[in-house]
Amino acid sequence: DVKVTQSSRYLVKRTGEKVFLECVQDMDHENMFWYRQDPGLGLRLIYFSYDVKMKEKGDIPEGYSVSREKKERFSLILESASTNQTSMYLCASIPFSGEQYFGPGTRLTVT
Amino acid sequence: RKEVEQDPGPFNVPEGATVAFNCTYSNSASQSFFWYRQDCRKEPKLLMSVYSSGNEDGRFTAQLNRASQYISLLIRDSKLSDSATYLCVVTLYSGGYQKVTFGTGTKLQVIP
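Bear in mind that the values here come from a model prediction, so they are computed numbers and not experimental data.

(A) Spotlight on the state of the cysteines. Residues and elements named next belong to chain B. This structure, assessed with the given rule, holds 2 disulfides over all chains. For Cys-23, the disulfide goes to Cys-88, at an S-S distance of 1.8 Å. Looking down the S-S bond of the Cys-23 and Cys-88 bridge, the torsion is 50°, so its handedness is right-handed. Residue Cys-23 is located in strand E3 (residues 19-25), and its partner Cys-88 is located in strand E9 (residues 84-94); the two are separated by 65 residues in the primary sequence. Cys-88 supplies the cysteine sulfur nearest to Cys-40, a cysteine that is in no disulfide, at a spacing of 20 Å.

(B) Examining the interface of chain B and chain A more closely. In this complex, chain B contributes 17 residues to the contact, which on the side of chain A involves 23 residues. Carbon and sulfur atoms make up 60% of the surface buried where chain B meets chain A, a total of about 1,700 Å² over both sides. Among the residues chain B hides against chain A, the three largest losses belong to B:Arg41, B:Tyr97 and B:Gln98. Together they make up 31% of the total. The interface formed by chain B and chain A holds 0 salt bridges in total. Looking at the side of chain B that touches chain A, the elements with two or more residues in it are strand E4 (32-38), E9 and strand E10 (97-102) of chain B. Considering only residue class, the side of chain B that touches chain A consists of 9 nonpolar, 6 polar and 2 charged.

(C) Up close: the side chain of B:Ser30. Turning to its location among the elements, B:Ser30 is positioned in the loop between E3 and E4. Sequence-distant contacts of B:Ser30, defined by excluding residues within four places in its chain, comprise B:Tyr25, B:Arg66, B:Val90, B:Thr91 and B:Leu92.

(D) Layout of the environment of A:Ser93. All names here are of chain A. For Ser-93, the position within the fold is in strand E9 (residues 87-94). Each C-alpha atom, one on Ser-93 and one on Val-24, is 9.0 Å from the other, the two residues being 69 residues apart in sequence. Polar side-chain contacts of Ser-93 include one of 2.8 Å to the side chain of His-29.

(E) Layout of the pairing of strand E7 (residues 64-70) of chain A. Residue and element names in this part refer to chain A. Where E7 and strand E8 (residues 73-78) come together, 5 bridges link them in antiparallel fashion. Note on E8: the bridge partner recorded for Lys-70 is Arg-73. Two successive antiparallel strands, E7 and E8, enclose a turn made up of 2 residues.

(F) Quick look at the sheet that holds strand E6 (residues 55-57) of chain B. Residue and element names in this part refer to chain B. Strand order across the open sheet formed by 5 strands is E1-E3-E8-E7-E6, with antiparallel pairing between neighbours. Across the chains shown, the open sheet's two edge strands, defined by having one partner strand only, are strand E1 (4-6) and E6. When the angles between neighbouring strand axes are averaged without regard to direction, this sheet yields 15°. The pairing of E6 with strand E7 (residues 60-65) spans 3 bridges and is antiparallel. Within the sheet, the bridge partner assigned to Asn-55 lies in E7 and is Ala-62.

Cut-off values and rules
Residues numbered from 1 in each chain as written. Chains lettered and ligands numbered in written order. Predicted model: local features only at pLDDT ≥ 70, side-chain atom pairs only at ≥ 80, totals over all residues. Heavy atoms only, no water. Disulfide = S-S within 2.5 Å. Helix = DSSP H or I, 4+ residues; strand = E, 2+ residues; numbered from the N terminus. Contact = heavy atoms within 4.5 Å. Buried area = accessible area lost by both parts, 1.4 Å probe. Salt bridge = Lys/Arg side-chain N within 4 Å of Asp/Glu carboxyl O. Nonpolar A, V, L, I, M, F, W, Y, C, P; charged D, E, K, R; others polar. Polar contact = N/O pair within 3.5 Å; in protein donor to acceptor, adjacent residues only side chain to side chain. Pairing = 2+ DSSP bridges. Axes fitted to C-alpha atoms, helices over the stretch in contact; angles between N-to-C directions.

Given below as structure tokens:
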């Protein structure tokens with residue numbers, strides 16, 4: 001079974017803090033994604049990566065950056081957390097066949 | 001027009017009912033299609049892939065209509081445990097990577 005893990009299930013940070021969310025997959029997938037999910041808005045793509053050191057902006061990249069130094073690890077960085085970044089963050093990895101495997105999610109609260 | 005559109009619901013149906021969801025997509029070059037299920041406060045999980053020929057998995061049937069650009073999910077004999085949000089997903093392989101687009105989900109509530 002594909003396993004996608006995220007570093008934290010719940011996180012509380014203060015406004016202005018730098019926040020790192022880590023995602024690791026164990027199936028050698030090339031494509032990895034970061035989403036946020038908010039009520040009524042569904043899943044929105046923040047960034048994705050299709051190879052080591054490669055990254056592409058998704059639909060809502062503002063306020064975020066990413067890092068992919070190793071194939072199995074894709075990190076999402078909030079440079080200066082703001083209250084409107086309070087959300088559920090979901091990481092996913094995807095093989096060529098197209099179906100996505102999600103991590104359990106990180107529920108981030110910025111106060 | 002949104003790339004992938006779903007009726008958000010909620011669909012409230014009695015146990016044993018048959019319920020159908022549709023999802024339309026705008027890019028005719030889309031290649032792969034999926035239905036995901038998401039329980040409250042959990043991550044989405046793959047329910048089934050959708051093929052042109054249609055596919056069935058127990059009480060669940062998925063169909064793809066490329067001409068009209070929609071996919072459907074039919075749930076027969078609904079169970080209380082089917083209550084969840086159902087997300088349709090459309091993917092397109094282009095420029096060396098997968099472009100994946102989610103619908104916003106359709107909420108199903110099965111009532112006793």
